[in-house]
Amino acid sequence: MSTASRAAATLDDLYRVEGKAELIAGRIVRLMPTGFRPGVIGGRIYRSLDDHAAAVGRGVALPDGVGFVVSELASGRRSFSPDAAYFLGPLPNDEMEFLDGPPTLAVEVRSKSDYGPAAEAEMAAKRADYFEAGTRVVWDVDPKAEEVRVHRADSPDEPSTFTLGQVADAEPAVTGWRMAVDRIFA
């Protein structure tokens, strides 16, 4: 029987992974590709955030697959790769590298496997990691229920829920930005 242990994965290892992945507790955790509808929804949110960033000349919107590096969290997490994001921190000197710091707004669009008690626990743990890292707002976008649950760092367990006919916001992370829920799920 071998007693050799595998070395913990590093950020350098994460850079070499093809596809979407995150570094958690010394392990590369590959993230499943999303389905059609969650992908379209994430793209719509990104485009709206990008239009806002261009209009106000502040911050940068990021689409699915962009990496954010953070100091090791209590969970062991070292990175995030949300479905869409808004970032107010400094951009890297080498634009080919991950962003240093958490997203200001993280958007997580539920995929087919993101339902049920185990998935809810995983999503709650990831939200806690976002807030520990310094993210100000996390959107939990549910394509099945057609609602957006907005979790804020100052009250992470008391989300605001936006449904069809309403306009969702990401205050205080993205000041002045709003998006009609009907447009998200069109």
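Each chain carries its own residue numbering, running from 1 in the direction its sequence is written. The predicted origin of the model limits local features to residues at a pLDDT of at least 70 and limits the giving and counting of side-chain atom pairs to 80 or more, whereas totals for whole chains, interfaces and linings rest on all residues. Note that water and hydrogens are dropped before the side-chain values are worked out from all heavy atoms of the structure.

(A) Geometry of helix 2 (residues 36-56). Strands here mean DSSP runs of E at least two residues long; helices mean DSSP runs of H or I at least four residues long; both are numbered from the N terminus. Here the expected length of a helix is defined as 1.5 Å per residue gap, with one fewer gap than residues. Taking 1.5 Å of rise per residue, the 21 residues of helix 2 would be expected to cover 30 Å, and the 31 Å separating its terminal C-alpha atoms lies within 8% of that figure. Burial here depends on accessible area, computed with a 1.4 Å probe over protein chains only, as a share of the maximum for the residue type. Under 20% is buried, over 50% is exposed, and the range in between is partly exposed. Every buried residue belonging to helix 2 is among Pro38, Ile41, Gly42, Arg44, Ile45, Ser48, Leu49, His52 and Ala53, and all of these are buried. The inward-facing, buried residues of helix 2 abut strand 3 (60-62), strand 6 (84-87), strand 8 (105-109), strand 9 (137-142), strand 13 (178-180) and helix 4 (181-184). Positive phi shows up at Gly57, right after helix 2, with a value of about 65°. Residue contacts follow a heavy-atom distance rule, with two residues in contact if any of their heavy atoms lie within 4.5 Å.

(B) Seen up close, helix 3 (residues 117-133). Along its 17 residues, helix 3 runs 24 Å from first to last C-alpha, staying within 8% of the 24 Å computed at 1.5 Å per residue. For helix 3, the set of buried residues is Ala119, Met123, Lys126, Arg127, Asp129, Tyr130 and Phe131. On the buried face of helix 3, the contacting elements are strand 1 (21-24), strand 5 (79-80), strand 8, strand 9, strand 10 (147-152) and strand 11 (155-163). Two residues or fewer after helix 3 comes Gly134, characterised by a positive phi angle close to 120°.

(C) Summary view of the packing of aromatic side chains. Here a pair means two rings of Phe, Tyr or Trp (six-membered ring of Trp) with centres within 6.5 Å. Their orientation is stacked below 30 degrees between planes, edge-to-face above 60, and tilted elsewhere. According to the stated counting rule, one finds four aromatic pairs in the structure shown. Here the aromatic rings of Tyr15 and Phe98 are separated by 4.0 Å at their centres, their planes lie at 10°, and the arrangement is stacked. Of the two residues, Tyr15 sits in helix 1 (residues 11-15) while Phe98 sits in the loop between strand 6 and strand 7 (99-100), which places them 83 residues apart along the sequence. By relative accessible area, Tyr15 is classed as partly exposed at 35%. Both rings, one in Trp139 and one in Trp177, keep their centres 5.1 Å apart while their planes meet at 35°; by these two values the pair is tilted.

(D) Examining the sheet that holds strand 4 (residues 68-69) more closely. Any two strands with at least two DSSP bridges between them are considered paired. Taking strand neighbours across the sheet as the criterion, the three strands line up as 5-4-7 in an open arrangement whose pairing is mixed. A strand with exactly one partner marks an edge of an open sheet, and here the two such strands are strand 5 and strand 7. As paired elements, strand 4 and strand 5 share two bridges and run antiparallel to each other. Bridge pairing in strand 5 places Val69 opposite Ser79.

(E) Molecular detail of the pairing of strand 6. Burial along strand 6 is two-sided: the face carrying Ala84 and Tyr86 and the face carrying Ala85 and Phe87 are both buried. Here strand 3 pairs with strand 6 via three bridges, running antiparallel. Its bridge partner being in strand 6, Ala61 is matched across the sheet by Tyr86.

(F) Looking closely at the nonpolar core. Judged by nonpolar contacts, the single largest core of 25 residues is most densely connected at Ile45, Leu105, Trp139, Val141, Trp177 and Ile184. Every element with two or more residues in this core is listed here: helix 2, strand 6, strand 8, strand 9, strand 10 and helix 4. Here the element with the most residues in this core is helix 2; it accounts for four residues. By size, the runner-up hydrophobic cluster in this structure holds 12 residues, among which are Leu73, Phe87, Leu99 and Ala106. Buried Ala, Val, Leu, Ile, Met, Phe, Trp, Tyr and Cys residues that are joined via side-chain atoms within 4.5 Å together make up what is termed a nonpolar core.

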